Amino acid sequence: MKRTTFGFVDPKKIPRYAAITFLISGVILLVIVFAIKSYQARALADSIALPAEVIRIDSRTQGKRKNKTVSARRRLQYRPVFRTTAPSGEVVVYESQSWRLSPLYDVGDRVTGLYRAETGVISTAEIRKGQAFLSNMLFGMSAIFIALGIAILKAFKTR
């Protein structure tokens, strides 16, 4: 008896299933990228540019590594703590949520902070640039998945 299927899956249709999976994954990632970008655009639109001062640089040790050859200095992460005066006259202190391997600022630096009154977040252009990395990476992955899906569909359609 010759077996032509494996359960519910027809082996001849596996490339089509793989292509559809890549296409759906790419579209889902694309939707996530647009959601992130629209949130960031709304946050930027709600922000007010104010002079801010770096009052402290916090540091922490990055999570434990299995590779003990990495020096402790490379595992340190830094984040700035900003202080500014809101338009209402209130002094706002904000600890950035963006940890980095090297500090962006020194204590006492005066920067243009983007203050969002709704959340109390103070951000800078350099911090926003680093946060854009994730959405750019997801966009690249979605483009690759969509291209792979289309390529697989075309390759097996011509057979």
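Note that the coordinates shown come from a computational prediction; the quantities given were computed from them, not determined experimentally.

A. Up close: the overall build of the protein chain. Regarding its fold elements, the protein chain presents two helices and five strands. Shown N-terminal to C-terminal, the secondary structure of the protein chain runs as helices and strands in the order α-β-β-β-β-β-α. The burial tally for the protein chain puts 27% of its 159 residues in the buried class. Long-range contacts, defined here as pairs at least 24 residues apart, represent 65% of the contacts in the protein chain between residues at least 6 apart. For the protein chain, the accessible area works out to roughly 11,200 Å², and carbon and sulfur atoms hold 61% of it.

B. Seen up close, the sheet that holds strand β2 (residues 76-85). With antiparallel pairing, the five strands of this open sheet are ordered in space as β3-β2-β1-β4-β5. Every other strand in the sheet has two partners, leaving β3 (91-95) and β5 (121-123) as the edge strands with one partner each. Within this sheet the neighbouring strands show an average axis-to-axis angle of 40°, counted without direction. Sheet topology note: the strand β1 (residues 48-61)/strand β4 (residues 110-116) ladder contains six bridges and is antiparallel. Residue pairing in the sheet places Ala-49 in a bridge with Leu-114 of β4.

C. Broad picture of the packing of aromatic side chains. Under the counting rule described, the total for this entry stands at two aromatic pairs. Ring centres of Phe-82 and Tyr-105 lie 6.0 Å apart, and the angle between their planes is 70°; on these two criteria the pair is classed as edge-to-face. With Phe-82 in strand β2 and Tyr-105 in the loop between β3 and β4, this pair connects stretches of sequence that are 23 residues apart. For the pair Phe-82 and Tyr-105, one class covers both residues: buried.

Procedures and definitions
Residues numbered from 1 in each chain as written. Predicted model: local features only at pLDDT ≥ 70, side-chain atom pairs only at ≥ 80, totals over all residues. Heavy atoms only, no water. Helix = DSSP H or I, 4+ residues; strand = E, 2+ residues; numbered from the N terminus. Buried < 20%, exposed > 50% of the residue type's maximum accessible area, 1.4 Å probe, protein only. Contact = heavy atoms within 4.5 Å. Areas by Shrake-Rupley, 256 points an atom, 1.4 Å probe, with all protein chains shown as cover. Pairing = 2+ DSSP bridges. Axes fitted to C-alpha atoms, helices over the stretch in contact; angles between N-to-C directions. Phe/Tyr/Trp six-rings, centres within 6.5 Å; stacked < 30°, edge-to-face > 60°.

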